[in-house]
Amino acid sequence: MNDHKYFMQRAIQLSVKNIDRGGGPFGAVIVKDGKIVAEAANSVTIENDPTGHAEVNVIRLAAKKLNNFDLSGCVIYSSCEPCPMCLGAIYWARLDKLYFGNTKVDAASINFDDQFIYEELDLPYEKRKLKSEQLLQNEAIKAFEKWEKDVSKMRY
């Protein structure tokens, strides 16, 4: 089963069925070697978890199933273009390719608009809606220094 349309259709089916469960209209599938490794839908409202987006959920499931945080060799199919959080997770998971159905403009048209996050990232800390201030950097850096010297660490 190495058919991109088949896998995208599965992600879309998950997104549609999830509405009946009380979840958001988003689904995702991760495939490796032409086989589905994991599939998930949005669970933000179901589990009261703001990080419960379909892409994050499916990455977590695939990583557990494959027993590896590095999902190189895998492809993700998402019913919608990922938000900034999910796109970041996709990059961190090292997925080989992303296929998506709806666009971020389509999502914005039904009030799932992430444009403000993209705009916030370009602002100086003091001008962001989420006020941010660096604190205790001299103490915090100690963890980084320890990490840098640790010869037994597993890089990711």
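Here, the structure is the one placed above.
Residues numbered from 1 in each chain as written. Predicted model: local features only at pLDDT ≥ 70, side-chain atom pairs only at ≥ 80, totals over all residues. Heavy atoms only, no water.

1. With respect to the packing of helix α3 (residues 54-66) against helix α4 (residues 84-93)
- Remark: α3 packs on α4, axes separated minimally by 8 Å, with the N-to-C direction vectors making an angle of 25°. Taken together, the axes of α3 and α4 are roughly parallel relative to one another. With respect to the hand of their crossing, α3 and α4 are arranged in left-handed fashion. Mapping the contact onto sequence places Glu55, Val56 and Ile59 in α3 and Met85, Cys86, Ala89, Ile90 and Ala93 in α4. (Axes fitted to C-alpha atoms, helices over the stretch in contact; angles between N-to-C directions. Helix = DSSP H or I, 4+ residues; strand = E, 2+ residues; numbered from the N terminus. Parallel < 35°, antiparallel > 145°, perpendicular 65-115°, else oblique. Left-handed = near helix turned anticlockwise from the far one by under 90°. Contact = heavy atoms within 4.5 Å.)

2. Some remarks on the packing of aromatic side chains
- For the structure on display, the rule yields four aromatic pairs.
- A ring pair is formed by Phe7 and Tyr77, whose centres lie 5.4 Å apart and whose planes are at 45°; its orientation type is tilted. Residue Phe7 is located in helix α1 (residues 4-20), and its partner Tyr77 is located in strand β3 (residues 74-80); the two are separated by 70 residues in the primary sequence. The pair Phe7 / Tyr77 is uniform in exposure class, with both members buried.
- Residues Phe26 and Phe112 carry aromatic rings whose centres are separated by 4.9 Å and whose planes lie at 90° to one another, so their mutual orientation is edge-to-face. With a gap of 86 residues between them, Phe26 in the loop between α1 and β1 (27-32) and Phe112 in the loop between α5 (104-108) and α6 (115-121) connect regions that are remote in the sequence.
- With relative accessibility at 14%, the residue Phe26 sits in the buried group.
- A relative accessible area of 36% means that Phe112 is categorised as partly exposed.
- Clustering of aromatic rings is evident, with ring pairs tying together Tyr6, Phe7, Tyr77 and Tyr99.
- The positively charged end of Lys104 is found above the aromatic ring belonging to Tyr118, 4.5 Å away from the centroid. (Phe/Tyr/Trp six-rings, centres within 6.5 Å; stacked < 30°, edge-to-face > 60°. Buried < 20%, exposed > 50% of the residue type's maximum accessible area, 1.4 Å probe, protein only. Lys NZ or Arg CZ within 6 Å of the ring centre and 35° of its normal.)

3. Some details on the side chain of Asn57
- Of note, Asn57 is situated in helix α3.
- If sequence neighbours within four positions are ignored, Asn57 has contacts with Ala40, Ala41, Asn42, Ser43, Thr51 and Gly52.

4. Things to note about the sheet that holds strand β4 (residues 97-102)
- Strand order in the open sheet made by the four strands is β2-β1-β3-β4, with mixed pairing throughout. Each edge of the open sheet carries a strand with a single partner, namely β2 (35-41) and β4. Geometrically, the sheet is characterised by an average inter-axis angle of 15° between neighbouring strands, direction not taken into account.
- Taken strand by strand, α3 contacts β1, β2 and β3, and its axis lies near 140° from that of β2. (Pairing = 2+ DSSP bridges.)

5. Re the pairing of β1
- Among the six residues in β1, five count as buried, and that is most of the element.
- Relative to β2, β1 runs antiparallel, the two sharing six bridges. Bridged to Lys32 within β2 is Lys35.
- What sits between the antiparallel neighbours β1 and β2 is a turn of two residues, in which Asp33 has the positive phi angle 55°.
- Relative to β3, β1 is paired through five bridges, and the arrangement is antiparallel. For Val29, the partnering residue across the bridge sits in β3 and is Tyr77.

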